[in-house]
Amino acid sequence: MSPADSNARPLRILVCIKQVPKAQELQVDPVTQTLKRVGVPSEINPPDANALEIALTLKDRHAAEVVVLSMGPTSFDESLERAVAMGADRAVLLTDRILGGSDTVPTAYALSETIQKIGGYDLILTGEETTDASTGHVGPGIAGHLDLPQITYVSEVRIVDGTVRARRTAEDGTEWWQTAMPSLCTVNFGCNKPRSPTLTGKIRVKRGGVIAHWSCADVGIDPKKVGLLNSPTIVAKVDTIRLPPRAGHIFSGEPKETVRALLEALIRDRVIAP
Amino acid sequence: MERFDAIVVGAGPAGSAAALTLARKGFSTLLVERGRSPGVKGMFGGRIYSWALHDLLPDWAKDCPVERYVVHENMAFLAEDTALTISFDSPKLGEGRSASFTALRAKFDSWLAKKAQEAGAVLVTGIRVDGLWQEDGRIRGVLVAPNDRVAADVVVIAEGATSVLTRSAGLKADLEPREVSVGVKETIELPAEAIQERFGLGDKEGAAFVFAGQASLGLRGGGFLYTNQSTISLGLVVSSEDLAREKVEIQEVQTRFRMHPAVQRWIRGGKVTEYSAHLVPELGAGMMPRLWGDGVLVAGDAAGFLINNGYTFRGVDLAIASGIAAGEAVEAARAAGGPRAANLQVYEKFLRSRNVLPDLERFRRAPLYMKNERLFDVYPRMLLEIAERLYTVDGSGKERLADIVLREAGAAEVPKWKLLLDLLQGARSM
């Protein structure tokens, strides 16, 4: 019998989220060529918020338990608290200095170890990628470590007769896939509208005890497999796109004349076709 | 489901004072605020009379985010381009229970809400309470969404002037235009040294102005100016009925007010960095809702606790005092067997002992008197004509004061008996 049909315990859905700098506020440090993360407002990585919304919809339907998981500094509590305020049952933050500088390889390893420590999962959801790195590696990486079936780029997930059915976005349309549980899905950015935090959820956060902080030692993560030194990715160079300077012409006078002069100038400079 | 002994809706001065009082008395208390943090949705002229804060937090002055203590009071009558200002200076104005100070709501409200949290209240921000959860004719808690409700024995509504919940609880009828004015305020940035230089102020000293006459283009209402540490709060409160009748936009009135030479001299070179507008309850004791019901109390602006008698604008002090009274009433009701309407009725007694109702009743006439249009148009102009003649020496012969006054009174086309009556009414209502 599949876990979904079992009355012994509710379905357990894990959602992996990352806290990222708010998309509108993204700034690149001109010296280090890396993203500025200090002093910039943060948010839940938007595709992860879509994954969370799918999990919460399944919770509404199947009385599932939703556990949110992240890896990062304790400032990530802000996003984990938001996830709980939105309706997740609890959250786990894997936080340890030795994880600093990890790329997607150690991250997928560390998260999969943490997921095994949480245990009892039926479905793992992640965003398709993060807005600050856009690799899309971590979800499939976790599935690989845990040897789980995975459906990538999904926009809808149903649980039917103890199996997962997901609508996958392909280049030329959509596909419906079905797999046994436990399994993993990566979720499309923008496929739904993540709900707002509730009063009840915010009170739960205020009452405390909803976020657990685990170190690598707590989980049993091999220190030789994480951190900057154990990350094969090397960022050789990052360029910022510089916009060409504006011409700064100001057209003034009678509206009709002004518009005509503007159109002529745009045609002359080949911005628009005659 | 989450539950509390008491839920306070709105973390403004009334709500935080109520939550602080309740938490101190051992009630598990939830304080819910719509804004992202307390005060960001708040709006007021800019001055707080401190007496009620004294009662709530005797050592408030230690860390309260005071901008400046008001020691210079001014009342200015404006005509087209002239002004007659009456000033009162006293260092005593800034001392003890009678001290008043200027403040910024984002800082002040956050500070007061933090005091409530320190006393044990649970503060939740960024949530708009959409309704009261009512069952069998009594309040059971609050509703945010159909599946997002929180239970409580009693709800204190401190939601501010728009009073949506108060109306939905059936404690108050819908607002009529004549019951509300529109308040607008601009925050104007100036260096602290410039403010101190211009107004002749010390480090922590502040000035307050009320403006009458052309400040509101002759519409019923008036203007205000308060000095903060490095900003000036400049604004108007104008009858919404008059704005509608004259088809004038409040921004236009505010712009004309700001451009008046007697205002410009104070704010010249400053940069307008904020603009806000809000409803102001205008009828004082005349528009008070029922202040209690089964499991519910109303405090602050939502209850219409505001006094505008022409020379003082009071709201925050009454809000804090009513918040304290609400906390006391809930405690007394518990001792009497629970927060039923009959037991919560003691709220009125506490509003009296805390001097909210007596002051409101004393000035009950003021709002009606303030509705006299001659007060905003004819009389200020008359005063300024008199002043202009008094101070103009151009060699064409000088009249005596009494002659000027009598002639101007005649020229204003107000029968003398009416003038006398207005004077008498004014004196009684102030």
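Heads up: the structure comes first, above all this text.
I will try to describe carefully the structure that is included in this document. The numbering scheme is per chain: residues are counted from 1 as the chain's sequence reads. Key to labels: chains lettered from A, ligands numbered from 1, both in the order written. Residues qualify for local features only when their pLDDT is at least 70, as the model is predicted, and side-chain atom pairs are given and counted only at 80 or more; totals for whole chains, interfaces and linings, by contrast, use all residues. Water and hydrogen atoms play no part in the side-chain values, which are based on all heavy atoms of the structure.

A word on the overall build of chain A. Per the secondary structure count, chain A includes seven helices and 11 strands. Principal axes of the C-alpha set define a box for chain A whose edges measure 80 × 40 × 40 Å. Only protein chains enter the accessibility calculation, which uses a 1.4 Å probe. A residue is then buried if its area is under 20% of the maximum for its type, exposed if over 50%, and partly exposed in between. A burial count over chain A gives 42% of its 274 residues as buried. By sequence separation, contacts in chain A at least 24 residues apart represent 71% of the contacts at least 6 residues apart. In short, Shrake-Rupley with a 1.4 Å probe defines the accessible areas, and a residue's cover is counted only from the protein chains shown. Within the structure as shown, chain A displays about 15200 Å² of accessible surface, and the carbon and sulfur contribution to it stands at 53%. Separation of charge centres in chain A, based on 31 positive and 32 negative side chains, amounts to 4 Å. Numbering goes from the N terminus for both helices and strands, where a helix is a DSSP run of H or I of at least four residues and a strand is a run of E of at least two. Any two residues whose heavy atoms approach within 4.5 Å at even a single point are treated as in contact. Only four residue types enter the charge count: Lys and Arg as positive, Asp and Glu as negative, with His and the chain ends excluded. A charge is said to be at NZ when it belongs to Lys, at CZ for Arg, at CG for Asp and at CD for Glu.

Attention shifts here to the interface of chain B and chain A. The interface is formed by 17 residues belonging to chain B together with nine residues belonging to chain A. Every case where a carboxyl oxygen of Asp or Glu lies within 4 Å of a side-chain nitrogen of Lys or Arg is listed as a salt bridge. Taken together, chain B and chain A are joined by one salt bridge. In this structure, Glu 2 of chain B engages Arg 207 of chain A in a salt bridge whose closest nitrogen and oxygen atoms are separated by 2.8 Å. What qualifies as a polar contact is a pair of N or O atoms within 3.5 Å, subject to a donor-acceptor requirement within protein and to the restriction that residues adjacent in sequence count only when both atoms come from side chains. Between the two partners, chain B and chain A, sit five residue pairs in polar contact (both at pLDDT 80 or more). Each residue gets one of three labels, nonpolar for Ala, Val, Leu, Ile, Met, Phe, Trp, Tyr, Cys and Pro, charged for Asp, Glu, Lys and Arg, and polar for the others, Gly among them. Class assignment of the residues belonging to the side of chain B that touches chain A gives a composition of 10 nonpolar, three polar and four charged.

A separate point is the packing of aromatic side chains. The description of an aromatic ring pair rests on the distance of the ring centres and on the angle between the ring planes. Residues and elements named next belong to chain B. Pairing of aromatic rings covers Phe, Tyr and Trp, the last through its six-membered ring, and needs centres within 6.5 Å; plane angles under 30 degrees mean stacked, over 60 mean edge-to-face, and all others mean tilted. In the structure shown here, the tally under the stated rule is 11 aromatic pairs over all chains. On the numbers, 6.4 Å between centres and 50° between planes, the contact of Trp 60 with Tyr 69 is tilted. Seen in terms of ring centroids, Phe 199 and Trp 266 are 4.4 Å apart; in terms of plane orientation they differ by 15°. Their pairing is stacked. Taken together, the positions of Phe 199 in helix α5 (residues 192-199) and Trp 266 in helix α8 (residues 261-267) put the pair 67 residues apart, joining distant regions of the chain. Per residue, the accessibility class of Phe 199 equals that of Trp 266, and both read buried. An aromatic cluster of three or more residues is present, and its members are Trp 60, Tyr 69, Phe 101, Phe 108 and Trp 111. Any Lys NZ or Arg CZ that is within 6 Å of a ring centre and within 35 degrees of that ring's normal is treated as a charge sitting over the ring. Just above the ring of Trp 133 sits the side chain of Arg 149; from NZ or CZ to the centre is 4.8 Å. Residue placement shows Lys 349 over the ring face of Phe 350; its charged tip is 4.9 Å from the ring centre.

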